[in-house]
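Architecture and fold: a report
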Amino acid sequence: TRAAKTLVVGIDGASFDQFDAADMSNLDGLRADGVTATSNLYAAPMSGTVSGPGWSTIATGVWPDKHNVVDNNFTAPKFDQYPDYLTRIEAADPARSSLVVATWSPVAQTIFGPSVDLRRTGGGDVQTTAAAADYLRNGNPDNTFVHLDEVDGAGHSVGTAGAASAAPECRYDGV
């Protein structure tokens with residue numbers, strides 16, 4: 001029998017209307033065989049579009065008024081009351097393995113709790129993608145979250161439809 005696996009790829013700052021025009025055959029294949037969430041997160045009045053609250057909301061499934069992350073300082077998070085989804089999976093079935101690979105280290109080091117079996121951070125999106133692909137190919141984790149951050153950085157510099165979005169390092173086709 002085959003064990004069910006999950007893979008969540010979060011691309012910070014990515015706009016779905018740009019995905020179809022991009023050359024990302026591997027990511028396109030993953031999307032075709034899986035589920036793609038095309039909704040955007042809240043903005044004001046819940047919270048500004050800041051990474052800490054946004055990724056905490058995605059990971060926990062609750063808004064900042066519950067997880068208490070309102071900026072990138074993580075001053076008093078309530079992750080003990082509202083744990084991330086990998087922590088909940090681990091609690092339900094400790095035999096399942098979990099992996100978080102993130103370009104922005106607070107995703108792996110702060111937002112996802114201590115129950116996660118393996119976490120990797122550091123480098124840019126190319127290194128994050130390569131590490132995730134290697135673990136998926138050779139480590140066989142059951143539940144994986146991959147966070148990529150450089151599209152967000154490019155968006156801050158040139159806008160969401162700027163020339164940087166066409167750069168090879170922003171294509172994320174290694175997974």
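Residues numbered from 1 in each chain as written. Predicted model: local features only at pLDDT ≥ 70, side-chain atom pairs only at ≥ 80, totals over all residues. Heavy atoms only, no water.

**Observations concerning the environment of Leu-118**
Considering the arrangement of structural elements, one finds Leu-118 in strand S3 (residues 118-121). For the pair Leu-118 and Ser-97, spaced 21 residues apart in the sequence, the C-alpha separation amounts to 8.2 Å. When neighbours within four sequence positions are excluded, Leu-118 is seen to be in contact with Ser-98, Leu-99, Val-100 and Tyr-135. (Helix = DSSP H or I, 4+ residues; strand = E, 2+ residues; numbered from the N terminus. Contact = heavy atoms within 4.5 Å.)

**Description of the pattern of salt bridges**
Applying the stated criterion across every chain yields a total of one salt bridge. Among the salt bridges present, the one from Asp-142 reaches Lys-5, with a minimum N-O distance of 3.0 Å. Residue Asp-142 is found in the loop between helix H7 (125-138) and strand S4 (143-148), and its partner Lys-5 is found in the segment before strand S1 (6-11); the two are separated by 137 residues along the sequence. For Asp-142, a relative accessible area of 11% gives the class buried. By relative accessible area, Lys-5 is classed as partly exposed at 38%. (Salt bridge = Lys/Arg side-chain N within 4 Å of Asp/Glu carboxyl O. Buried < 20%, exposed > 50% of the residue type's maximum accessible area, 1.4 Å probe, protein only.)

**Thoughts on H7**
Counted at 1.5 Å a residue, the expected span for H7 with its 14 residues is 20 Å, and the 19 Å between its end C-alpha atoms agrees. A positive phi of about 60° marks Asn-140, the residue just after H7. (Expected span 1.5 Å × (residues − 1).)

**What about the sheet that holds S3?**
Overall, parallel pairing links the four strands, which are arranged S1-S4-S2-S3 in an open sheet. The two strands at the open ends of the sheet, each matched to only one other strand, are S1 and S3. Adjacent strand axes in the sheet meet at a mean angle of 10°, parallel and antiparallel pairs treated alike. Looking at chain direction, S1 and S4 are connected through six bridges and run parallel. Within the sheet, the bridge partner assigned to Val-9 lies in S4 and is Val-146. Across the sheet, helix H5 (residues 85-92) lies against S1, strand S2 (98-102) and S4, angled at about 170° from S4, the strand it touches most. (Pairing = 2+ DSSP bridges. Axes fitted to C-alpha atoms, helices over the stretch in contact; angles between N-to-C directions.)

**A word on the nonpolar core**
In terms of nonpolar packing, the biggest core is built from 16 residues, with Phe-74, Leu-86, Val-100, Val-107, Ile-111, Phe-112 and Phe-145 touching the most fellow members. Within the residue set of this core, elements represented by two or more residues are helix H3 (51-60), H5, S2 and helix H6 (105-111). A total of three residues in this core trace back to one element, the largest contributor, which is H6. Beyond its immediate stretch of four places on either side in the chain, Ile-111 contacts Gly-52, Trp-55, Ser-56, Ala-59, Phe-74, Phe-79, Asp-84 and Pro-106. In this structure, Ile-11, Met-24, Val-146 and Val-151 belong to the second largest nonpolar core, which totals ten residues. (Core = buried A, V, L, I, M, F, W, Y, C linked by side-chain atoms within 4.5 Å.)

**A short note on the packing of aromatic side chains**
The final tally for this structure, using the stated rule, is five aromatic pairs. With a centroid separation of 6.4 Å and 65° between ring planes, the pair formed by Tyr-85 and Phe-145 is classed as edge-to-face. Of this pair, Tyr-85 sits in helix H5 while Phe-145 sits in strand S4, and the two are 60 residues apart along the sequence. Taken individually, Tyr-85 and Phe-145 each receive the classification buried, so the pair is uniform in this respect. Summarising the aromatic geometry, the rings of Phe-112 and Phe-145 are spaced 4.9 Å apart at their centres and angled 40° between planes, so their arrangement reads as tilted. Remark: Phe-145 occurs in strand S4 and Phe-112 occurs in the loop between H6 and S3; sequence separation between them is 33 residues. (Phe/Tyr/Trp six-rings, centres within 6.5 Å; stacked < 30°, edge-to-face > 60°.)

**Things to note about H5**
Of all the residues in H5, the buried ones are Tyr-85, Leu-86, Thr-87 and Glu-90. Packed against the buried residues of H5 are S1, H3, S2 and S4. Where H5 begins, one side-chain oxygen reaches toward the backbone nitrogen of Leu-86, 3.0 Å away; that side chain belongs to Asp-84. (Polar contact = N/O pair within 3.5 Å; in protein donor to acceptor, adjacent residues only side chain to side chain.)

**Let's talk about a negative patch on the surface**
A cluster of like negative charges, contributed by Asp-17, Asp-20, Asp-23 and Asp-28, occupies part of the molecular surface. Considering the arrangement of structural elements, one finds Asp-20 in the loop between helix H1 (16-19) and helix H2 (25-33). (Patch = residues over 30% accessible without salt bridge, like charges linked within 9 Å, V, L, I, M, F, W, Y side chains within 5 Å. Areas by Shrake-Rupley, 256 points an atom, 1.4 Å probe, with all protein chains shown as cover. Lys, Arg positive; Asp, Glu negative; His and termini not counted. Charge placed at Lys NZ, Arg CZ, Asp CG, Glu CD.)

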